[in-house]
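Spelled out from the first residue to the last, the chains are:
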Amino acid sequence: MTARPPWLADQARELLAQRGHAWLLHGPSGLGQYRLALELAAAWLCDRPTADGACGSCDSCHAIEVRTQADLLVLMPESAMLALGWPLSEKAQGEIDDKKRKPSREIRVEAMRDAIEFAQRTSGRGRGKVVLVYPAERMNTVTANALLKTLEEPPGDVRFLLASEAAHQLLPTIRSRCLGHPMRWPTQDEALGWLAGEGVAAADAQVLLAAAGGRPEEALALSQAGRDARQWSQLPKAIARGDVSVLADCTPAQAIDVLQKLCHDLLAARTGGEPRFFARADLPAGGGAGGLAAWWRDLAGEQRSAEHPFNAGLMLEALVARARTALHSAS
Ligand SMILES: [Zn+2]
């Protein structure tokens, strides 16, 4: 269990002081919306809640910790449930174990049906029930419409927590049925303090936080994926040389994300702005504004095919070759 991020504590207090049967926590990824949603759910279901949140020691809190609290239902893509340690339904787990299909990357209609049934039942422990949906943008139109009906006429004691990293992709009707809470960005000190507590070396934390665009959970993920300050600072010039090895551990989607950051910073530097993800001194000198702008458009196009690449290795090579061309373009 990781330490409680300090910037979430204030937000939890603020939200717990308010009423509302459906909240939408939204903002870019890496700011902690899932953690905050889980904290709120735990506090609502806790036997001895305080203004700060759940007690952490009652039966309900313990049941959430071990994923057996029957009054909490999490609605997630199966891939996210597995990654975050939530049990799948017996049927779904069986189908995946038998290799009939892969874990879903969206929230399945079957899971939504279970959630609606859950919402109709009476709560087991008398403190109401909670449905936590994350990432809420992974509902397709069918599942979203099913949820909408329940949001419009909520059964008495159920509350909904939707956490999203791309709320603009949600149906407007879903957004308008929820109270919105934009996730607060941590200060640099809060983020660095939390990263230190998670075991990220001080020398790396600042660089990785910048690499993650200031989003602490993303910075931690970079560190856990083996990135460190030295490697990140050498990356731009390695790509300018056409060195594919610096992206060898990346999925195509992650590689595109890194290249977009590099392209963003080069475009910013060329137009007199400040780089955001890399230090200015680490950026290669080459690349004309026209070449960089064309590269930026190409990367946006590549993003669409990155989820299902024909061949990940070939795609990485092509991405780095394209980057190299842009970084050596004269105009
Ligand atoms: Zn408790």
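The paragraphs below set out a description of the structure included in this document. Not measured: the values here are computed from a predicted model.

## Observations regarding the coordination of the zinc ion
- Distances from the zinc ion to its protein donors, Cys46 (SG), Cys55 (SG), Cys58 (SG) and Cys61 (SG), fall within 2.2 to 2.4 Å.
- Each of the 4 donor atoms around the zinc ion contributes to a set of angles spanning 101 to 116°, which defines the coordination as tetrahedral.
- A relative accessible area of 2% places Cys58 in the buried class.

## Structural notes on the packing of helix H13 (residues 252–270) against helix H14 (residues 289–305)
- Where H13 contacts H14, the axes come no closer than 10 Å and their chain directions differ by 155°. When the interaxial angle is binned, H13 and H14 end up roughly antiparallel. Crossing angle aside, the handedness with which H13 passes H14 is left-handed. Contacts between H13 and H14 involve Ile256, Leu259, Gln260, Leu262, Cys263, His264, Leu266, Leu267 and Arg270 from the former and Ala289, Leu292, Ala293, Trp295, Trp296, Leu299, Ala300, Glu302 and Gln303 from the latter.
- Of the residues belonging to the contact of H13 with H14, the class tally is 13 nonpolar, 3 polar and 2 charged.

## Some details on the packing of aromatic side chains
- Applying the stated criterion across every chain, the model contains 3 aromatic pairs.
- Between the aromatic rings of Trp7 and Trp194, the centroid separation amounts to 5.6 Å while the plane-to-plane angle is 90°, which identifies the pairing as edge-to-face. Residue Trp7 is located in helix H1 (residues 6–16), and its partner Trp194 is located in helix H9 (residues 188–197); the two are separated by 187 residues in the primary sequence.
- Above the ring of Trp86, the side-chain terminus of Arg67 is found at 3.9 Å from the ring centroid.

## Notes on the pairing of strand E3 (residues 129–133)
- Burial runs high along E3: 5 of the 5 residues are buried.
- Side-chain alternation along E3 places Lys129, Val131 and Val133 on one buried face and Val130 and Leu132 on a second face that is also buried.
- Bridging between E3 and strand E4 (residues 158–164) involves 5 bridges; their strand directions are parallel. Following the sheet pairing, Val131 is matched in E4 by Phe160.
- In this view, the connection linking E3 to its parallel neighbour E4 by way of helix H7 (residues 141–152) has right-handed handedness.

## Observations concerning the side chain of Gln260
- Mapped onto the elements of the fold, Gln260 is located in helix H13.
- Residues within four places of Gln260 in sequence aside, it is in contact with Trp296, Leu299, Ala300 and Gln303.

## Topic: the nonpolar core
- Counting residues in each nonpolar core, the largest one holds 74 residues, and the members touching the most others are Leu72, Leu132, Leu161, Ile239, Leu247 and Trp295.
- Of the residues forming this core, the biggest block, 9 residues, is contributed by helix H2 (residues 33–45).
- Leave out the neighbours within four places in its chain, and Leu72 touches Leu38, Ala41, Leu45, Ile64, Trp86, Phe118, Val130 and Leu132.
- The next biggest cluster of nonpolar side chains, apart from the first, holds 24 residues, and it includes Leu151, Ala167, Leu170 and Cys178.

## Points about unusual backbone geometry
- Here the bond from Tyr134 into Pro135 is cis, since omega is -15°, no more than 30 degrees from zero.
- In this fold, Pro135 is placed in the loop between E3 and H7.
- The phi torsion at Arg67 lies on the positive side, around 65°, for a residue other than glycine.
- Counting through the fold element by element, Arg67 comes out in the loop between helix H3 (59–65) and strand E2 (72–75).
- The phi angle at Lys99 is positive, at roughly 60°, despite the residue not being glycine.

## A word on helix H10 (residues 202–211)
- Among the residues making up H10, those that are buried are Asp204, Ala205, Leu208, Leu209 and Ala211. Considered in projection along H10, the buried side chains sweep an arc of 150° and stay on one side of the axis. Exposed residues on H10 whose side chains face more than 90 degrees from its buried face are Ala202 and Ala203.
- For H10, the secondary structure elements touched by its buried residues are H9, helix H11 (216–224), helix H12 (229–240) and H13.
- A positive phi of about 65° marks Gly213, the residue just after H10.

## Concerning the pattern of salt bridges
- Enumeration over the complete set of coordinates arrives at 17 salt bridges.
- Salt-bridge contacts for Asp47 lead to Arg125; the nearest nitrogen and oxygen are separated by 3.0 Å. Linking Asp47 in the loop between H2 and H3 with Arg125 in the loop between helix H6 (109–120) and E3, this pair joins segments that are 78 residues apart in sequence.
- Relative accessible area serves as the criterion here: at 29%, Asp47 is assigned to the partly exposed category.
- The partner of Glu78 in a salt bridge is Arg108, with the nearest N and O atoms 3.7 Å apart. With a gap of 30 residues between them, Glu78 in helix H4 (residues 78–83) and Arg108 in the loop between helix H5 (90–97) and H6 connect regions that are remote in the sequence.
- Arg108 sits in the partly exposed class, given a relative accessible area of 23%.

What counts, and at which threshold
Residues numbered from 1 in each chain as written. Predicted model: local features only at pLDDT ≥ 70, side-chain atom pairs only at ≥ 80, totals over all residues. Heavy atoms only, no water. Donors = N, O, S within 2.8 Å, 3.2 Å for Na, K, Ca; no water. Tetrahedral: all angles 85-135°; square planar, octahedral: opposite > 155°, others 65-115°. Buried < 20%, exposed > 50% of the residue type's maximum accessible area, 1.4 Å probe, protein only. Axes fitted to C-alpha atoms, helices over the stretch in contact; angles between N-to-C directions. Helix = DSSP H or I, 4+ residues; strand = E, 2+ residues; numbered from the N terminus. Parallel < 35°, antiparallel > 145°, perpendicular 65-115°, else oblique. Left-handed = near helix turned anticlockwise from the far one by under 90°. Contact = heavy atoms within 4.5 Å. Nonpolar A, V, L, I, M, F, W, Y, C, P; charged D, E, K, R; others polar. Phe/Tyr/Trp six-rings, centres within 6.5 Å; stacked < 30°, edge-to-face > 60°. Lys NZ or Arg CZ within 6 Å of the ring centre and 35° of its normal. Pairing = 2+ DSSP bridges. Right-handed = clockwise from strand over helix to strand, strands pointing away. Core = buried A, V, L, I, M, F, W, Y, C linked by side-chain atoms within 4.5 Å. Arc of directions from axis to C-beta. Salt bridge = Lys/Arg side-chain N within 4 Å of Asp/Glu carboxyl O.

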